[in-house]
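Spelled out from the first residue to the last, the chains are:
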Amino acid sequence: MIELSKKDRRVSLIIIVLCLIISYCLKGCFYIKNESIITILTVIIGFILSAIAIIFSSSLRIVLYDQKFEGYESLWHRLISICFYIFIFNLFFVAFIAIIPVYFPNWIIMGLFINSIIELVFVIHILFKLLSIEIT
């Protein structure tokens with residue numbers, strides 16, 4: 001149930017690889033402290049959990065259950081799957097940066113950080129699309 005479709009997994013993997021390639025090519029151009037990355041990522045995690053909680057408690061959830069989406073049982077399942085994936089990815093990313101940052105070169109940390117920002121933009125895009133759904 002909380003599994004990404006093949007298409008969404010493929011897109012996610014492509015985005016991660018592209019972010020890592022861009023980060024590697026620009027590794028001398030930018031730097032951010034790990035503490036700042038952890039702070040930003042925890043805000044992203046909180047935002048995603050809050051958005052899901054608000055949608056779950058609203059009547060929009062029923063509308064999302066009724067709308068079918070390719071690769072998922074419904075649009076609600078797609079939203080939950082994507083948010084769950086992003087939540088787990090960011091949670092593990094924060095844990096790895098906090099516990100063992102020495103094993104990750106800065107370009108990998110920056111690439112995964114850029115990926116997290118892109119994922120957040122993707123979730124916000126989905127949430128704004130949901131605003132256009134009429135609730136009857």
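Predicted model, so just to flag it, every value in this text is computed and none were measured.

Visitor: Would you mind going over the overall build of the protein with me for this structure?
Guide: Helix and strand content of the protein: five helices and zero strands. Its helices and strands in sequence order give the protein the pattern α-α-α-α-α, from N to C terminus. If one aligns the C-alpha atoms of the protein with their principal axes, the spans along those axes are about 50 × 25 × 25 Å. Expressed as a percentage of the 136 residues in the protein, the buried residues total 38%. Within the protein, counting contacts between residues at least 6 apart in sequence, those at least 24 apart form 78% of the total. Accessible surface for the protein amounts to roughly 8500 Å². Of this, 71% is attributable to carbon and sulfur atoms. The positive charge centre, built from 10 side chains, and the negative charge centre, built from 8, are 6 Å apart in the protein.

Visitor: It is not clear to me how the nonpolar core should be interpreted in this structure. Could you clarify?
Guide: The nonpolar side chains of a soluble globular protein tend to be buried, and buried together. Judged by nonpolar contacts, the single largest core of 33 residues is most densely connected at Ile37, Ile55, Leu64, Leu79, Phe93 and Leu130. Elements supplying a minimum of two residues to this core: α2 (34-56), α3 (60-66), α4 (75-99) and α5 (106-130). Here this core takes 11 residues from α4, the largest share from any one element. Here leucine 79 is in contact with Ile52, Ile55, Leu64, Ile126, Leu127 and Leu130, once residues within four sequence places are set aside.

Visitor: For this particular structure, what's the right way to read the layout of surface pockets?
Guide: Using a probe with the size of a water molecule, rolled over the atoms, empty space left in the structure can be pinpointed. By volume, the largest pocket amounts to about 200 Å³. Along its surface, the largest pocket is lined by Leu4, Asp8, Val11, Ser12, Ile15, Ile82, Tyr85, Ile86, Asn115, Ile118, Glu119 and Phe122. Put simply, the parts of the chain that give the lining of the largest pocket at least two residues each are α1 (6-25), α4 and α5. When its residues are assigned to classes, the lining of the largest pocket shows eight nonpolar, two polar and two charged.

Visitor: For this particular structure, what's the right way to read the side chain of serine 74?
Guide: Relative to the helices and strands, serine 74 is located in the loop between α3 and α4. Side-chain polar atoms of serine 74 contact the backbone nitrogen of tryptophan 76, separated by 3.4 Å. Of note is the side chain of serine 74, whose polar atom sits 2.7 Å from the side chain of histidine 77. For serine 74, the residues in contact, after removing those within four places along its chain, are Leu64, Tyr65, Gln67, Lys68 and Phe69.

Visitor: Even after reading the chapter, I still don't get the pattern of salt bridges, so can you show me in this structure?
Guide: Side chains that carry opposite charge are capable of pairing whenever their charged atoms lie near each other. Evaluated as defined, the whole model comprises two salt bridges. Residue aspartate 8 pairs with arginine 78 through a salt bridge whose shortest N-O separation is 3.4 Å. Residue aspartate 8 is located in helix α1, and its partner arginine 78 is located in helix α4; the two are separated by 70 residues in the primary sequence. The buried category is assigned to arginine 78, whose relative accessible area is 11%.

Visitor: Explain the packing of aromatic side chains to me, please; I cannot follow it from the model alone.
Guide: We describe a pair of aromatic rings using the distance from one ring centre to the other and the angle between the two ring planes. By the definition in use, this model includes eight aromatic pairs. Their ring planes at 45° and their centres at 6.1 Å tell us that tyrosine 65 and tryptophan 76 sit as a pair that is tilted. On the criterion of sequence distance, the pair formed by tyrosine 65 in helix α3 and tryptophan 76 in helix α4 is long-range, its members being 11 residues apart. Here tryptophan 76 falls in the buried class, since its relative accessible area comes to 5%. Of note, arginine 61 hangs over the ring of phenylalanine 56, and the distance from its end group to the ring centre comes to 4.2 Å.

Cut-off values and rules
- Residues numbered from 1 in each chain as written.
- Predicted model: local features only at pLDDT ≥ 70, side-chain atom pairs only at ≥ 80, totals over all residues.
- Heavy atoms only, no water.
- Helix = DSSP H or I, 4+ residues; strand = E, 2+ residues; numbered from the N terminus.
- Buried < 20%, exposed > 50% of the residue type's maximum accessible area, 1.4 Å probe, protein only.
- Contact = heavy atoms within 4.5 Å.
- Areas by Shrake-Rupley, 256 points an atom, 1.4 Å probe, with all protein chains shown as cover.
- Lys, Arg positive; Asp, Glu negative; His and termini not counted.
- Charge placed at Lys NZ, Arg CZ, Asp CG, Glu CD.
- Core = buried A, V, L, I, M, F, W, Y, C linked by side-chain atoms within 4.5 Å.
- 1 Å grid on protein atoms, 1.4 Å probe; cavity = no way out; pocket = protein on both sides within 12 Å on 5 of 7 lines; lining within 4 Å.
- Points joined across faces, edges and corners; volume = space filled by probe spheres on them.
- Nonpolar A, V, L, I, M, F, W, Y, C, P; charged D, E, K, R; others polar.
- Polar contact = N/O pair within 3.5 Å; in protein donor to acceptor, adjacent residues only side chain to side chain.
- Salt bridge = Lys/Arg side-chain N within 4 Å of Asp/Glu carboxyl O.
- Phe/Tyr/Trp six-rings, centres within 6.5 Å; stacked < 30°, edge-to-face > 60°.
- Lys NZ or Arg CZ within 6 Å of the ring centre and 35° of its normal.

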